[in-house]
Structure formats: structure tokens, C-alpha cells
There are 2 protein chains.
Amino acid sequence: MFHESFADCWRLRYGTEPPCDVPELAPFLRHRSVREFSDQRIGEPLLQALIAAAQSASTSSNLQLWSVVSVDDPAVREDFAELAGNQRQVVQAARFLVFCADHHRLRKAGQKVGEACAGLEYAEFGLMAFVDAALAAERLVCAAESVGLAACYIGAVRNDLPRACELLGLPEGVAPLFGLCLGYPHPACKAEVKPRLDQAAVWHRERYDQDMDVSAYDERMRGFYISQGMKGEVTWSMRSARRVDGKHMTGREGLKAFLEKLGFWRR
Amino acid sequence: MFHESFADCWRLRYGTEPPCDVPELAPFLRHRSVREFSDQRIGEPLLQALIAAAQSASTSSNLQLWSVVSVDDPAVREDFAELAGNQRQVVQAARFLVFCADHHRLRKAGQKVGEACAGLEYAEFGLMAFVDAALAAERLVCAAESVGLAACYIGAVRNDLPRACELLGLPEGVAPLFGLCLGYPHPACKAEVKPRLDQAAVWHRERYDQDMDVSAYDERMRGFYISQGMKGEVTWSMRSARRVDGKHMTGREGLKAFLEKLGFWRR
């Protein structure tokens, strides 16, 4: 459904001409978050194959400190949609997955062999679980996109983590990190490739360059916001800085305390 | 260089026969960490294209809270290899990248428009940065593997975060999370597709199943360890539980305090 060439994707991302002589990486540049899905389902064998892709991602020391819960029950989907600020794609997507940091499984396996796994309380093993889960999810998304599916991450499952845990029946040691909607894009879906920061602002050579400049990107995003029908004169800097002013936490100010309660990041 | 079919990959991952009628997702199941690279370089245009793939990953609210530093300087590569427990692939790989959580760029952009970005101190925006960085890295790895490259994550850059920050000249608000070796696999490279936990232990339907059983995986991994020439009778549970006993922290017990010092996860 999405067919931009590598050069098209590059121009959409950066507003410049692409480098010459690059291999055909368009499928990996074409990603956009899709929020309108067709009615086409995702059958069990395909989902099994996608989970296998997720599990094929790197995982630190092969500890596999993550889990995923697939939610098909329409009523629970409704609960998650509401929890996430009424994002309808959570209900409409062919599949909805919740990726979790998981210390429970290893702790239980450890207990069986007489190990207390006390180190899991260190921040290090929290970070490891967060990274493991994200690597798995993104490999799954890349695999899904390669067969015509589209995805949308739902960070807003963190708006109410206690409720999310309850909905999924999670034990101590398992924390939902983000949801993932999966499905075939609706034919009328208008999701576009979004401009990104210039490479020079994100990619540093040898040493971090503190003098990176985002003003060109600010202008590109101003144009993008207008093209999306957003009102008002706003730049990426203004919009993003407001997002992190501490007054728009959408229920997530308690994340630190709640993760500690679950056993993560205690020391 | 690696050419296992989907069915082969499935058998290697799970020790069972794959489901029928699944699309050709083999490229995403074939991943292994490669630590022996050929001398073939990765030119600038290809690396630019790979960075574009990384930037094409989802990023929460388009905040793009990550950065990457590419290290070509052989002396600095030596420093990183040593810091990471003398992992030689850090020196030998065609490219070495360090992925970082980055609050600095947005904070600076915010200051220019009169926003203090005080919310970045919340754990929520630490987690967002960790996830953003991991999604970007894994999309880059998937793209790289699609053109014959191979990769190896280096979590051991966290063995000495202050030193890693110093080597990269990182300002406050930027934390190295993991390194990534990239290159073409050496023809003699023996890296194998590693068995993973049964899907039933990782993938839960509707609600988390606390009764998952890892004993079959323990036996598969015992066989895998023996095939890799590892001595002693050991299972995945034993080996993994020992890794998280709190006595094998390889310098990472200070992660929480150091990230707080950099401005992450303070409240």
C-alpha cells in the first residue's frame, strides 16, 4: 500500500536529495504510524511468525527479559483504548499487543534452581528489560511491514499502569511498556512519512557536537503541521518543549514509584 | 552469507516444526550476533542510509530523544573494546556506533524558545528515550542485515558509563545505552541462530500465564551450550539466574546514580 522509493522517503524525511549509490533500503525508511486499519484479519500462523521475528532480536546475555500479551477480547480492547486517551485504533486494529519488561519469568526459573535473582532490582536489569522489549517490538514491526502490515505504538498504555497491569493479570516483576496496534492499512489511510531531524543533529562523529542546529527542522515541521491541518504557528521546538514541561504528564508522573513497587529500578 | 530458510530458523529457535502457510519472514528470524567481521568497509552513503532507517523508526510524540555517535578512531575503539571487557569486535568491525538516550538536544531547543523542559526529569521521559534509542537501533540492524551486513550489540559500554561519556564528549542529558558493531561477517564466522524460549513462555494470550514452563528450553539450551564447547552441565535457568544474582554486575551497579546525575529518572 505504501510504495515511496528510497529517494522519495529521503526527501520526505530530510527535505534534501539522497546520497548516491545507496542500496534499496526503502522498506525501512517508509515506516509511518498507521491508525486506520482495514477489516482484514491477522491469522494465527502469521502472528506466530511475527512473534518468532520478535524473539529473534538480540537480547542481552540471552536473558530475554520481556514478554508480550496479545489482546483480542473486544471489551478489554475498549478498556485499553479508553485508558490510552480514547485511541480508536486500539479497538480497530487486527491485533493489539502489549510489550512488557519481564523479571518474573527469570525470577521464577531462578527460584527453581535455588537462586534468588536479587540483582534484578538494579537499574541495570530494568534498562536491559526495557531495551530487550523495544528491540523485539521493532524487529516485529519491520517484519510485519515487509508483508504489507502496518503498526502504531501506543505509549499511552503508561497513562495508567496499575490499570493496565490489572487488565492483563500481570504479576509483580512484569511492567507494560507500550502497546502495539497491528493490521493492514485502510485503503483511505492518509498516514504520511514524517520529517525527521537533520542527520547532523542526531548522528555525531567521534564526539558529541553540542552546536547542532534544529532551526531548519523547526521550519520543515512548521510546514508539516500546517499540511496536516494543525492550526497556529508552531515549530518542533515549541511543540516538543511543551510536551516535556512537566505539566502534560497524562498520568505518567507516577511511573518511577510504580516501577519500583513492581521491583524495577530499586537500586 | 547466512541463508537459513524460515523453516530452518524456526527449528533452530524452537526445536519444533514451523506453522504452515506463513509468509517468507526468514530475514527477520535469521539474526545472530556476529563478532568476526571481514575487512570490507561500510562507506559513507550506506551509513547515511542506515542512519535514515534508524531515524525512520517510531519515536514517542516525535520527540526523537536519542542520538548516535559513530566512532572510527582506532585509538578510541581500543578504549571502548577494553572498557567492554576486551571485546575485540569493537575494534575489528567496519563501524562502531554508540546509541544514547538524549535529553540535551530538546532541552537546548526548549531554552531557545523559553521553555525549561523541567518534565524531562521524570522517569517517563527516561523510559521514552531508552525505548526511542532501542527502536532506532533495531530498525537500523534490520536494514543492515537486509543488505548482507551483520551486527553485534555491546551492552558492556555500561561497564563504565563515566568513561564512555568522556570518550564521546557527552554533555549532561546524554547517556550511552549500548554500542553496536556493524560489518560484513567474516567468511569463517560461525555465529549460529540461538534457541529461544518457547513462544508459550513469552507470548501470553489475553492474560499473563504465570504457569509457563521453561524446562524444555533449559534442555535445549543445555544442548546448545555443549555444542558451543562450553564445559559443565548447565541449563538456561542456572546460567541466567547466576547472571542476575547481584554479584556479576561488571561495573553496572552505579547505573541508577549515574543516570540521575545526568538528569534522568530523578522523579
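Draft legend 1. Representation of the pattern of salt bridges. As enumerated under the stated definition, the model contains 38 salt bridges over all chains in all. Between Arg 95 of chain A and Asp 72 of chain A there is a salt bridge, and its shortest N-O distance comes to 3.1 Å. Here Arg 95 of chain A, found in strand S2 (residues 95-102), pairs with Asp 72 of chain A, found in the loop between strand S1 (66-71) and helix H4 (74-83); they are 23 residues apart in sequence, far enough to count as distant. Here Glu 124 of chain A ties to Arg 158 of chain B by a salt bridge, and the two come within 2.8 Å at their closest N and O atoms. Placement of the pair is Glu 124 of chain A in helix H7 (residues 123-146) and Arg 158 of chain B in the loop between strand S3 (150-154) and helix H8 (161-168), with the two residues belonging to separate chains. The same class applies to Glu 124 of chain A and to Arg 158 of chain B, which are both buried. Through salt bridges with shared partners, a single ionic network connects Glu 44, Asp 72 and Arg 95 of chain A together with Arg 205 of chain B.

Draft legend 2. Just the pairing of S1 of chain A, in detail. Counting buried residues along S1 of chain A, 6 of its 6 residues qualify, which places the element largely inside the surrounding structure. Pairing of S1 of chain A with S2 of chain A, which is carried by 6 bridges, proceeds in the antiparallel orientation. From the neighbouring strand, Val 68 of chain A faces S2 of chain A, where its bridge partner is Phe 99 of chain A. Two strands pair when backbone bridges link them, and S1 of chain A and strand S5 (residues 203-205) of chain B are joined in this way by 3 bridges, in the parallel orientation. Counterpart to Val 69 of chain A in the pairing with S5 of chain B is His 204 of chain B.

Draft legend 3. Up close: the domain arrangement of chain A. Residues and elements named next belong to chain A. According to the domain assignment, chain A contains domain 1 (1-30) and domain 2 (32-194 + 252-262). Averaged C-alpha coordinates put domain 1 and domain 2 at centres separated by 28 Å. Each partner contributes to the interface: domain 1 provides 10 residues, whereas domain 2 provides 11 residues. Summing the contributions of domain 1 and of domain 2, the shared interface buries around 820 Å²; its carbon and sulfur component is 60%. Of all residues in domain 1, Met 1, Phe 2 and Arg 13 give up the largest surface area on contact with domain 2, accounting jointly for 56% of the area buried on that side. The interface formed by domain 1 and domain 2 contains 1 salt bridge. Glu 4 is paired through a salt bridge with Arg 32; the nearest N and O atoms lie 2.5 Å apart.

Draft legend 4. Local environment of the interface of chain A and chain B. If you look at the interface, chain A gives 126 residues, while chain B gives 126 residues. Broken down residue by residue, the surface that chain A buries against chain B is led by Arg 139, Glu 206 and Tyr 208 of chain A, which jointly contribute 7%. Taken together, the connections running from chain A to chain B amount to 10 salt bridges. Notably, a salt bridge pairs Arg 205 of chain B with Glu 44 of chain A, separated by 2.9 Å at the nearest N-O pair. Put simply, chain A and chain B have 66 residue pairs in polar contact (both at pLDDT 80 or more) between them. The biggest single contributor to the side of chain A that touches chain B is H7 of chain A, with 16 residues. For the side of chain A that touches chain B, the class distribution of residues is 70 nonpolar, 24 polar and 32 charged.

How each quantity is defined
- Residues numbered from 1 in each chain as written.
- Chains lettered and ligands numbered in written order.
- Predicted model: local features only at pLDDT ≥ 70, side-chain atom pairs only at ≥ 80, totals over all residues.
- Heavy atoms only, no water.
- Salt bridge = Lys/Arg side-chain N within 4 Å of Asp/Glu carboxyl O.
- Helix = DSSP H or I, 4+ residues; strand = E, 2+ residues; numbered from the N terminus.
- Buried < 20%, exposed > 50% of the residue type's maximum accessible area, 1.4 Å probe, protein only.
- Pairing = 2+ DSSP bridges.
- Domains from an automatic or database assignment.
- Contact = heavy atoms within 4.5 Å.
- Buried area = accessible area lost by both parts, 1.4 Å probe.
- Polar contact = N/O pair within 3.5 Å; in protein donor to acceptor, adjacent residues only side chain to side chain.
- Nonpolar A, V, L, I, M, F, W, Y, C, P; charged D, E, K, R; others polar.

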